[in-house]
Amino acid sequence: MKFMAVRLMEIDALRGLAVLCMVLFHGVYDLILLDLLVADPYGWPQIIFVRAVQFLFLGLVGVSVALSSRGVGAQAKRGLWIFAAGMLVTLATWVTFPTEFVKFGVLHFIGVAVPLVAMLRGKRCLALVLAVGSFF
């Protein structure tokens, strides 16, 4: 019998909100690229919105990995799949926009971060040292 994880409705609701916000952002961005909407895609309101959504996504990934009962191997496999999805985004944007393609986006980061967070679970001091070191 397979173990059924307990779902936290608050986390799922925040995930749903994050997905809706990301769809909204990309939809508006596409309308601007297609000249169907006149706006600056790199204006302050858009940047603040997308950074808030990215923060929400990445925070939820960290919480989900921390709450997960999966081992490091399962998390590494999950990270590899997510990173592969990021590479598909890279390939698609490189073919479509060769001068402005996605080199390392949110999916790439999540694909790298998930196994790292799983490996550092329970090792708070080492995690803190690596986190501070990553800023430098």
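Residues numbered from 1 in each chain as written. Predicted model: local features only at pLDDT ≥ 70, side-chain atom pairs only at ≥ 80, totals over all residues. Heavy atoms only, no water.

Undergrad: I would appreciate a short explanation of the overall build of the protein in the present structure.
TA: When its secondary structure is counted, the protein shows 5 helices and 0 strands. Along the first, second and third principal axes, the C-alpha set of the protein runs to 50 × 35 × 30 Å. Counting only residues that meet the buried cut, the protein has 19% of its 136 residues in that class. As displayed, the protein offers around 10300 Å² of accessible surface, 76% of which is attributable to carbon and sulfur atoms. Looking at the protein, you have 11 positive and 6 negative side-chain charges, and the mean spots of the two groups are 22 Å apart. (Helix = DSSP H or I, 4+ residues; strand = E, 2+ residues; numbered from the N terminus. Buried < 20%, exposed > 50% of the residue type's maximum accessible area, 1.4 Å probe, protein only. Areas by Shrake-Rupley, 256 points an atom, 1.4 Å probe, with all protein chains shown as cover. Lys, Arg positive; Asp, Glu negative; His and termini not counted. Charge placed at Lys NZ, Arg CZ, Asp CG, Glu CD.)

Undergrad: What am I meant to see in the packing of helix 3 (residues 72-96) against helix 4 (residues 106-119) here?
TA: Geometrically, a packed helix pair is captured by the angle between its two axes and the distance between the axes. The geometry of helix 3 relative to helix 4 is characterised by a closest axis approach of 7 Å and an angle of 170° between their N-to-C directions. As far as their axial angle goes, helix 4 and helix 3 are roughly antiparallel. Residues Val72, Gln75, Ala76, Arg78, Gly79, Ile82, Phe83, Ala85, Gly86, Met87, Val89 and Thr90 of helix 3 pack against Leu107, His108, Ile110, Gly111, Val112, Val114, Pro115, Ala118 and Met119 of helix 4. (Axes fitted to C-alpha atoms, helices over the stretch in contact; angles between N-to-C directions. Parallel < 35°, antiparallel > 145°, perpendicular 65-115°, else oblique. Contact = heavy atoms within 4.5 Å.)

Undergrad: What's the story with helix 4 in this structure? I'm lost.
TA: For an α-helix, 3.6 residues make a turn, and residues three or four places apart therefore share a direction. Between its first and last C-alpha, helix 4 extends 20 Å over 14 residues, near the 20 Å set by a 1.5 Å rise per residue. At Ala113, helix 4 shows its strongest bend, of approximately 25°, with the proline Pro115 following within four residues. Inspection of helix 4 places His108, Ile110, Gly111, Ala113, Val114, Pro115 and Ala118 among the buried residues, and these make up the whole buried set. Buried residues in helix 4 make contact with helix 2 (44-67) and helix 3. (Expected span 1.5 Å × (residues − 1). Bend = angle between axes of the 7 residues up to and from the residue.)

Undergrad: Got a minute to help me understand the environment of Leu8 in this structure?
TA: Note that Leu8 resides in the segment before helix 1 (9-33). Judged by relative accessible area, Leu8 falls into the partly exposed class, the value being 40%. Considered as a pair, Leu8 and Leu36 are 28 residues apart in the sequence and their alpha carbons are 39 Å apart.

Undergrad: Would you mind showing me how to read the pattern of salt bridges here?
TA: Opposite charge on two side chains makes pairing possible when the charged atoms of those side chains draw close. Scanning the entire structure with this criterion turns up 2 salt bridges. For Arg7, the salt bridge is made with Asp12, and the minimal N-O distance between the two is 2.6 Å. Asp12 gets classed as partly exposed once you look at its relative accessible area, which sits at 28%. Where Arg15 meets Asp12, a salt bridge forms, and the shortest distance between an N and an O atom there is 2.7 Å. Here Arg15 and its partner Asp12 are both found in helix 1, 3 residues apart, which amounts to about one turn of the helix. Put simply, Arg7, Asp12 and Arg15 are held in one network by salt bridges that share partners. (Salt bridge = Lys/Arg side-chain N within 4 Å of Asp/Glu carboxyl O.)

Undergrad: Got a minute to help me understand the packing of aromatic side chains in this structure?
TA: The relation between two aromatic rings is expressed through the spacing of the ring centres and the mutual angle of the planes. Following the criterion strictly, the structure yields 2 aromatic pairs and no others. With 6.4 Å between their ring centres and 75° between their planes, Tyr29 and Tyr42 make a pair best called edge-to-face. In this pair, Tyr29 is assigned in helix 1 and Tyr42 in the loop between helix 1 and helix 2, connecting sequence segments 13 residues apart. Grouping aromatic residues by their ring pairs yields a cluster made of Phe25, Tyr29 and Tyr42. Cation over ring: Lys103 sits above Phe101, and NZ or CZ is 4.5 Å from the ring centre. (Phe/Tyr/Trp six-rings, centres within 6.5 Å; stacked < 30°, edge-to-face > 60°. Lys NZ or Arg CZ within 6 Å of the ring centre and 35° of its normal.)

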